[in-house]
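Residue-level listing of the chains:
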Amino acid sequence: CLRRAAAFARGGPLVFCGDLNSMPGSDVLALCEGGVAVRHTFTPMREGDDEESGACEPEAAPPAVETFEPPLRLHSAYEPPPAYTTLTDTFRGCLDHILLTRHWRCLA
């Protein structure tokens, strides 16, 4: 998604908005905002694994590691982030974000 946004912007101004399901300080936002590489460890699915339940064969392959390099450097339009953008009976947090390229500055 960030690669497509970077290709679309071609170095120009960009506003990137969305329900990222990620709290401030998460790896997702660190990748978007800080421009840091994020390492992600996962266990690849194999034949016989149950995709629905997540159950894996006992002799499953060792975990694989991917490193994501950010194609854009964005900053949050929220300074400071709001206490919440999502409020339910069981959850309150900031999951929805507005991210901007260096071309933009928020005044309010």
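An account of the accompanying structure is given in this report.

The rules we used
Residues numbered from 1 in each chain as written. Predicted model: local features only at pLDDT ≥ 70, side-chain atom pairs only at ≥ 80, totals over all residues. Heavy atoms only, no water. Helix = DSSP H or I, 4+ residues; strand = E, 2+ residues; numbered from the N terminus. Contact = heavy atoms within 4.5 Å. Areas by Shrake-Rupley, 256 points an atom, 1.4 Å probe, with all protein chains shown as cover. Pairing = 2+ DSSP bridges. Core = buried A, V, L, I, M, F, W, Y, C linked by side-chain atoms within 4.5 Å. Buried < 20%, exposed > 50% of the residue type's maximum accessible area, 1.4 Å probe, protein only. Polar contact = N/O pair within 3.5 Å; in protein donor to acceptor, adjacent residues only side chain to side chain. Patch = residues over 30% accessible without salt bridge, like charges linked within 9 Å, V, L, I, M, F, W, Y side chains within 5 Å. Salt bridge = Lys/Arg side-chain N within 4 Å of Asp/Glu carboxyl O. Arc of directions from axis to C-beta.

Okay, the overall build of the protein chain next. The helix and strand inventory of the protein chain stands at two helices and seven strands. When the helices and strands of the protein chain are placed in sequence order, the string is α-β-α-β-β-β-β-β-β. In the protein chain, 63% of the contacts between residues at least 6 apart in sequence involve partners at least 24 apart. In the form shown here, the protein chain has an accessible surface area of approximately 7,800 Å², with 54% of it arising from carbon and sulfur atoms.

Turning to the pairing of strand E7 (residues 96-100), a few remarks are in order. Side-chain positions along a regular strand alternate between the two faces of the sheet. With five bridges joining them, strand E1 (residues 15-19) and E7 adopt antiparallel strand pairing. Paired with Gly 18 across the two strands is His 97, which belongs to E7. Sheet topology places strand E4 (residues 75-76) next to E7; two bridges connect them, and they run antiparallel. Looking at the pairing, Ser 76 lines up with Leu 99 of E7.

Further remarks concern the sheet that holds E1. What the three strands build is an open sheet, ordered E1-E7-E4; its pairing is antiparallel. Unpaired on one side and paired on the other, E1 and E4 mark the two borders of the sheet.

Counting residues in hydrophobic clusters, the biggest one holds 12 residues: Leu 2, Ala 5, Ala 6, Ala 9, Leu 14, Phe 16, Leu 29, Leu 31, Cys 32, Leu 72, Leu 74 and Leu 99. Every element with two or more residues in this core is listed here: helix H1 (2-9) and helix H2 (27-34).

Our focus in this paragraph is the side chain of Ser 76. Looking at where Ser 76 falls in the secondary structure, it is placed in strand E4. A distance of 3.0 Å separates a polar side-chain atom of Ser 76 from the backbone nitrogen of Tyr 78. The contacts of Ser 76, once residues within four sequence positions are left out, are Glu 33, Ile 98 and Leu 99.

In this section: a nonpolar patch on the surface. A cluster of nonpolar side chains, Val 15, Ile 98 and Trp 104, forms an exposed patch at the surface whose accessible area comes to about 250 Å². With respect to the helices and strands, Trp 104 occurs in the segment after E7. Trp 104 sits in the partly exposed class, given a relative accessible area of 41%.

Listing the buried residues of H1 in full gives Leu 2, Ala 5, Ala 6 and Ala 9. Angular distribution of buried residues about the axis of H1 spans 100 degrees; they occupy a single face of the element. More than 90 degrees from the buried face of H1, the exposed residues found are Arg 3, Arg 4, Ala 7 and Phe 8. Positive backbone phi, at 45 degrees, marks Arg 10, one or two positions downstream of H1.

Assignment of secondary structure puts Ile 98 in strand E7. Separated by 21 residues in the primary sequence, Ile 98 and Ala 77 have C-alpha atoms spaced 5.5 Å apart.

Moving on, we get to the environment of Leu 29. By secondary structure assignment, the location of Leu 29 is in helix H2. With 47 residues separating them in the primary sequence, Leu 29 and Ser 76 have C-alpha atoms 9.0 Å apart.

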